[in-house]
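Chain and residue survey
What follows is the residue order along each chain.
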Amino acid sequence: MNNSPVFSECTVSAIHHAAQALKAGHLVAFPTETVYGLGGDARNPDAIRRIYEVKGRPSDHPLIIHISSISMLEKWARDIPEYAISLARNFWPGPLTLILKRSSLVGDFVSGNQDTVGLRVPSDPIAHQLIAEFERLSGSAIAAPSANKFGQVSPTSSADVQEEIGIKLSEFDLILDGGTSTIGIESTIVDCTGGIPKILRSGFVTKENIEETTRTEVSEDAVNSRVKFSGSFEKHYSPKCRVILGASEVDGSGFLALSHIPTPSSMERLAAPNTVEEFARVLYSTMRAADQRGFTNLVVVQPEGHGLALAINDRLLKASNGR
Ligand code: TXA
Ligand code: MG
């Protein structure tokens with residue numbers, strides 16, 4: 001049973017209460033524009049240990065530290081290259097995480113013993129207010145992974161958070177409800193520790209966006225990256241049902257495709273997004289719906305094209321484990 005209160009009205013006083021809970025070492029799940037995060041005080045080893053425990057995540061997988069603005073960048077990172085500053089100026093607040101050399105404030109317990117740190121300024125207004133209020137109260141920042149069990153589908157609503165980890169939260173932890181995440185897949189992660197930016201995880205901010213901003217060539221060769229990166233595990237972002245890619249007909253399966261693609265008669269349509277953006281927004285909730293409704297298989301016709309379509313396909317490939 002889940003004992004942690006859910007705040008559906010994120011008033012100023014609810015956010016203040018949540019920031020105080022973080023300061024006291026408790027965990028707060030909160031909405032962001034990408035997916036919901038499970039937040040804890042980035043400077044509190046006990047709070048961070050609990051995040052790993054609640055998620056069942058190996059402790060050597062680093063957490064992203066969420067800050068309120070670009071002005072906090074130098075507090076948490078050092079030796080920041082010019083191109084990283086350009087990226088932060090252009091895409092923050094927003095769905096972009098920068099990997100930088102860590103400052104002395106970043107403990108081993110939050111960075112998986114690496115000498116780097118992932119930083120992001122979310123644009124969701126509740127996330128922003130919570131982070132800013134917590135910074136004001138504590139002088140720290142909020143470390144947060146996606147609020148799902150390790151290897152499973154990221155939550156895009158507070159109900160998803162409940163379903164994923166509710167049972168592991170205590171009566172002192174909180175869940176803030178900010179509706180459905182507007183983007184729906186995790187932030188783009190760019191390693192900024194080398195001479196050129198390197199994309200470790202694709203997302204709403206595309207390779208083209210990054211190249212245009214930094215005026216440099218961008219590497220997508222995440223496999224050869226020096227940094228450890230859990231999203232790069234082959235099977236990840238996975239529902240319980242089998243995700244089958246392509247237009248194959250599998251009797252009795254759930255079906256997800258863009259709205260102009262007709263539903264094969266032997267399958268049941270679970271969502272019909274009109275655009276690639278909408279596809280990203282409903283992707284994880286559709287996987288969840290397939291599980292909740294007991295489908296053994298979910299057939300997905302992948303959206304084509306560059307940019308966000310590539311990020312969707314990355315998640316689908318991992319969810320399908322190459323099937
Ligand atoms: O959109 C997002 O990024 C969401 C929201 C809540 O901000 N967060 C998120 O966190 O997706 P998480 O922990 O589920 O995924 C972050 C990924 C992990 O695979 C982690 O290993 C990698 O980023 N990561 C974090 N810090 C890193 C670092 N210093 N070096 C390399 N990879 C890092
Ligand atoms: Mg995650």
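Our subject is the structure listed above.
What you see is a predicted model; the values in this text were computed from it and never measured.

1. Thoughts on the packing of helix H1 (residues 12-23) against helix H6 (residues 125-138)
The contact between H1 and H6 brings their axes to 9 Å, and the two run at 50°. Relative to H6, H1 is oriented oblique. Considering only the axes of H1 and H6, their crossing is right-handed. Within the contact between the two elements, H1 uses Ile15, His16, Ala18, Ala19, Gln20, Leu22 and Lys23 and H6 uses Ile126, Gln129, Leu130, Glu133, Phe134, Arg136, Leu137 and Ser138.

2. Remarks on the layout of surface pockets
Of the voids in this model, the second largest pocket is the one considered here, and its volume is about 170 Å³. Surrounding the second largest pocket, Lys149, Gln152, Val153, Glu163, Glu164, Ser238, Pro239, Lys240, Arg288, Asp291 and Gln292 form its lining. If you list the elements that add at least two residues to the lining of the second largest pocket, you get helix H7 (158-165) and helix H9 (276-292). Residue composition of the lining of the second largest pocket, grouped by class: two nonpolar, three polar and six charged.

3. Section: the site of ligand 1
Residues in contact with ligand 1 amount to 25 residues; listed here are only the nearest, Thr34, Arg57, His66, Ser146 and Ser187. Between arginine 57 and ligand 1, the recorded distance is 2.7 Å, taken from a side-chain N or O atom to an oxygen atom. About the coverage of ligand 1: the protein hides 98% of its 670 Å² of free accessible area. Residue assignment for the shell around ligand 1 shows that the elements contributing at least two residues are strand S4 (64-66) and strand S7 (116-120). Looking at the shell around ligand 1, the element that brings in the most residues is S7, giving four residues. Here the residues of the shell around ligand 1 sort into 11 nonpolar, nine polar and five charged.

Calculation criteria
Residues numbered from 1 in each chain as written. Chains lettered and ligands numbered in written order. Predicted model: local features only at pLDDT ≥ 70, side-chain atom pairs only at ≥ 80, totals over all residues. Heavy atoms only, no water. Axes fitted to C-alpha atoms, helices over the stretch in contact; angles between N-to-C directions. Helix = DSSP H or I, 4+ residues; strand = E, 2+ residues; numbered from the N terminus. Parallel < 35°, antiparallel > 145°, perpendicular 65-115°, else oblique. Left-handed = near helix turned anticlockwise from the far one by under 90°. Contact = heavy atoms within 4.5 Å. 1 Å grid on protein atoms, 1.4 Å probe; cavity = no way out; pocket = protein on both sides within 12 Å on 5 of 7 lines; lining within 4 Å. Points joined across faces, edges and corners; volume = space filled by probe spheres on them. Nonpolar A, V, L, I, M, F, W, Y, C, P; charged D, E, K, R; others polar. Near = heavy atom within 4 Å. Polar contact = N/O pair within 3.5 Å; in protein donor to acceptor, adjacent residues only side chain to side chain. Areas by Shrake-Rupley, 256 points an atom, 1.4 Å probe, with all protein chains shown as cover.

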